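# Notes for the structure review
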Amino acid sequence: MRSSDVLVVGGGIIGLVTAWRAAQRGLRTAVVDPDPGGGAARVAAGMLAAVTELHYGEETLLGLNLASAARYPAFVTELEEAAGHDVGYRACGTLAVALDADDRAHMRELHALQTRCGLVSEWLSGRECRRLEPMLAPGVRGGLRVDGDHQVDPRRLAAALLRACERAGVLFHRTLAERLTVVRDRARGAVLTDGQELTSGLVVLAAGSLSGRLAGVPEEVLPPVRPVKGQVLRLRVPPAYAPFLSRTVRAVVRGSHVYLVPRENGELVVGATSEELGWDTTVTAGGVYELLRDAHELVPGITELPLTETRAGLRPGSPDNAPLLGPTDLPGLHLATGHYRNGVLLTPVTGDAMAEALTTGALPDEARPFTPRRFSPVRQEQPA
Ligand SMILES: Cc1cc2nc3c(=O)[nH]c(=O)nc-3n(C[C@H](O)[C@H](O)[C@H](O)COP(=O)(O)OP(=O)(O)OC[C@H]3O[C@@H](n4cnc5c(N)ncnc54)[C@H](O)[C@@H]3O)c2cc1C
């Protein structure tokens, strides 16, 4: 039997940031994951898009997204120092454009919502958009300039978190957790597929889209997360074509969403589909076709670029598109999951919130609305 203060099940970016922050607070921390630093971050584009990803009904989540975006620069400085390498953070801003009258109407609605929420977003004509990004198609009808939505390279972020954890003394078990151990109505650790039994004062379930599938977790605290498939392409901008795009460009192309995220190292990420297909991660001809078709309408020159990679990953979706953070109704069991399409953006604030919850038992103010208890059946049945 091995024991720790905190056992994190799942070593994606959310499990890793939780483990790193816990270890920094002096907690003996272990992570179980067959492939720590992998997960959805291997696929994700890494947009830090609090403003351009705003949706109706997600104003509470917006507060958390903005809090995390504001922490990013300091978080990156600290993490790069701890890990000894950079994470590809780029304060480049975003341009969200429309190609036809319907797309433009949609964009106008988004702009109105952003303005109501007090966000900084400027409406530009098609010509002004093209002046900023000359590779845009002549048909662009207008768009929103959002200088506060930046980007980071999720693969580098995950690698840095892994390194920072190792340097902070986090212990890694490179295998799967098979079941949660519950003793006298309290989470006490986990049994691993290699037969090891780990005991721990606190267990954090951070297994991404698989968080709802760990055996031994009582039904009433099992997180209601589901996988939402996303296909993504990676292209390379040869030096002769640079700068191809100077900021993230995204669009609604006749109703479907597409984005192009240009990295400083010449990589161009084009994403992403959104498909409710269970745990399927097949890259399909249809998915690749739709992404290239829409990206080509937006930036015709894209067809000249070498296509270097196609991949699909799973976003951990929750019923209200917001994460589940902190203690559950099972003593000793915490959740850090359900980050859906904003997990990269929410990494800094999640690390802080989880460290606070693990050391004090309570979430900080900004994370309180994201308690897993909002989905607790017992509480919902209680009279108001
Ligand atoms: C196509 C796509 C594009 C995206 N783009 C963006 C973006 O631009 N911006 C943004 O902010 N977010 C984006 N996201 C979302 C973001 O990637 C996720 O929200 C985030 O990576 C989730 O991290 P996680 O650690 O919670 O889960 P995951 O990355 O899924 O990691 C879970 C980990 O748990 C491990 N695990 C599972 N079961 C067990 C078990 N039983 N025992 C041990 N380990 C286990 C897995 O091996 C995995 O490593 C995107 C996602 C996708 C798929």
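Rules used throughout
- Residues numbered from 1 in each chain as written.
- Predicted model: local features only at pLDDT ≥ 70, side-chain atom pairs only at ≥ 80, totals over all residues.
- Heavy atoms only, no water.
- Helix = DSSP H or I, 4+ residues; strand = E, 2+ residues; numbered from the N terminus.
- Rg over C-alpha atoms; globule rule 2.2 N^0.38 Å.
- Buried < 20%, exposed > 50% of the residue type's maximum accessible area, 1.4 Å probe, protein only.
- Contact = heavy atoms within 4.5 Å.
- Areas by Shrake-Rupley, 256 points an atom, 1.4 Å probe, with all protein chains shown as cover.
- Lys, Arg positive; Asp, Glu negative; His and termini not counted.
- Charge placed at Lys NZ, Arg CZ, Asp CG, Glu CD.
- Expected span 1.5 Å × (residues − 1).
- Pairing = 2+ DSSP bridges.
- Axes fitted to C-alpha atoms, helices over the stretch in contact; angles between N-to-C directions.
- Right-handed = clockwise from strand over helix to strand, strands pointing away.
- Parallel < 35°, antiparallel > 145°, perpendicular 65-115°, else oblique.
- Nonpolar A, V, L, I, M, F, W, Y, C, P; charged D, E, K, R; others polar.
- Domains from an automatic or database assignment.
- Buried area = accessible area lost by both parts, 1.4 Å probe.
- Salt bridge = Lys/Arg side-chain N within 4 Å of Asp/Glu carboxyl O.
- Polar contact = N/O pair within 3.5 Å; in protein donor to acceptor, adjacent residues only side chain to side chain.

What follows deals with the overall build of the protein chain. In terms of regular secondary structure, the protein chain is built from 8 helices and 18 strands. What you see for the protein chain is a C-alpha radius of gyration of 21 Å, in line with the 21 Å of a compact globule of 384 residues. The dimensions of the protein chain, computed from C-alpha atoms along their principal axes, are 65 × 50 × 40 Å. Relative to its full complement of 384 residues, the protein chain shows a buried share of 54%. The contacts in the protein chain between residues at least 6 apart in sequence include a share of 74% that link residues at least 24 apart. Surface accessibility of the protein chain: about 15900 Å² in total, with carbon and sulfur atoms responsible for 51%. Distance between charge centres in the protein chain, computed from 41 positive and 44 negative side chains, equals 2 Å.

To continue, consider helix 7 (residues 347–360). End to end, helix 7 covers 20 Å across 14 residues, agreeing with the expected 20 Å (1.5 Å per residue, within 8%). With 10 of its 14 residues buried, helix 7 lies for the most part within the structure. For helix 7, every residue scored as buried is listed here: Thr 347, Pro 348, Val 349, Thr 350, Gly 351, Ala 353, Met 354, Ala 355, Ala 357 and Leu 358. A positive phi of about 90 degrees marks Gly 361, the residue just after helix 7.

As a further point, take the sheet that holds strand 5 (residues 122–125). Here we have 8 strands laid out as an open sheet, ordered 5-6-4-13-14-15-12-16, and mixed in their pairing. Every other strand in the sheet has two partners, leaving strand 5 and strand 16 (307–317) as the edge strands with one partner each. Neighbouring strand axes in the sheet, compared pairwise and without regard to direction, differ in orientation by 20 degrees on average. Note: strand 4 (residues 94–98) against strand 6 (residues 142–146), 5 bridges, orientation antiparallel. For Ala 96, the partnering residue across the bridge sits in strand 6 and is Leu 144. On the sheet, helix 6 (residues 285–298) packs against strand 4, strand 12 (226–236), strand 13 (248–253), strand 14 (256–262), strand 15 (267–271) and strand 16 and is oriented at approximately 75 degrees with respect to strand 14.

Okay, the pairing of strand 1 (residues 2–9) next. Note: strand 1 against strand 11 (residues 197–205), 7 bridges, orientation parallel. What sits directly across from Ser 3, in strand 11, is Thr 199. Across 4 bridges, the pairing between strand 1 and strand 2 (residues 29–32) is parallel. Within strand 2, the position partnered with Val 6 by the bridge is Thr 29. Chirality of the crossover, the property in question, places the unit of strand 1, helix 1 (residues 13–24) and strand 2 among those that are right-handed.

Our focus in this paragraph is the packing of helix 1 against helix 2 (residues 59–83). The interhelical angle for the contact between helix 1 and helix 2, taken along N-to-C directions, is 80 degrees, at an axis separation of 13 Å. By the criterion of interaxial angle, the relationship of helix 1 to helix 2 is roughly perpendicular. For the pair helix 1 and helix 2, contact is made by Val 17, Trp 20, Arg 21 and Gln 24 and by Phe 75, Glu 78, Leu 79 and Ala 82, respectively. Class assignment for the residues of the contact of helix 1 with helix 2 results in 5 nonpolar, 1 polar and 2 charged.

Let us look at the domain arrangement of the protein chain. Here the protein chain is described as being made up of domain 1 (2–43 + 156–224 + 319–381), domain 2 (94–147) and domain 3 (226–317). Facing the 16 residues of domain 2 at the interface are 18 residues of domain 3. Summed over both partners, the interface of domain 2 with domain 3 buries about 1400 Å², with 60% contributed by carbon and sulfur atoms. Three residues stand out in domain 2 for area buried against domain 3, namely Leu 99, Glu 133 and Met 135, and they jointly supply 39% of the buried area on that side. Run the count over domain 2 and domain 3 and you get 1 salt bridge. One can count 6 residue pairs in polar contact (both at pLDDT 80 or more) joining domain 2 with domain 3. Listed by contribution, the elements that provide at least two residues to the side of domain 2 that touches domain 3 are strand 4 and helix 3 (101–116). Top contributing element to the side of domain 2 that touches domain 3 by residue count: strand 4, with 4 residues. Across the side of domain 2 that touches domain 3, the residue classes tally to 9 nonpolar, 2 polar and 5 charged.

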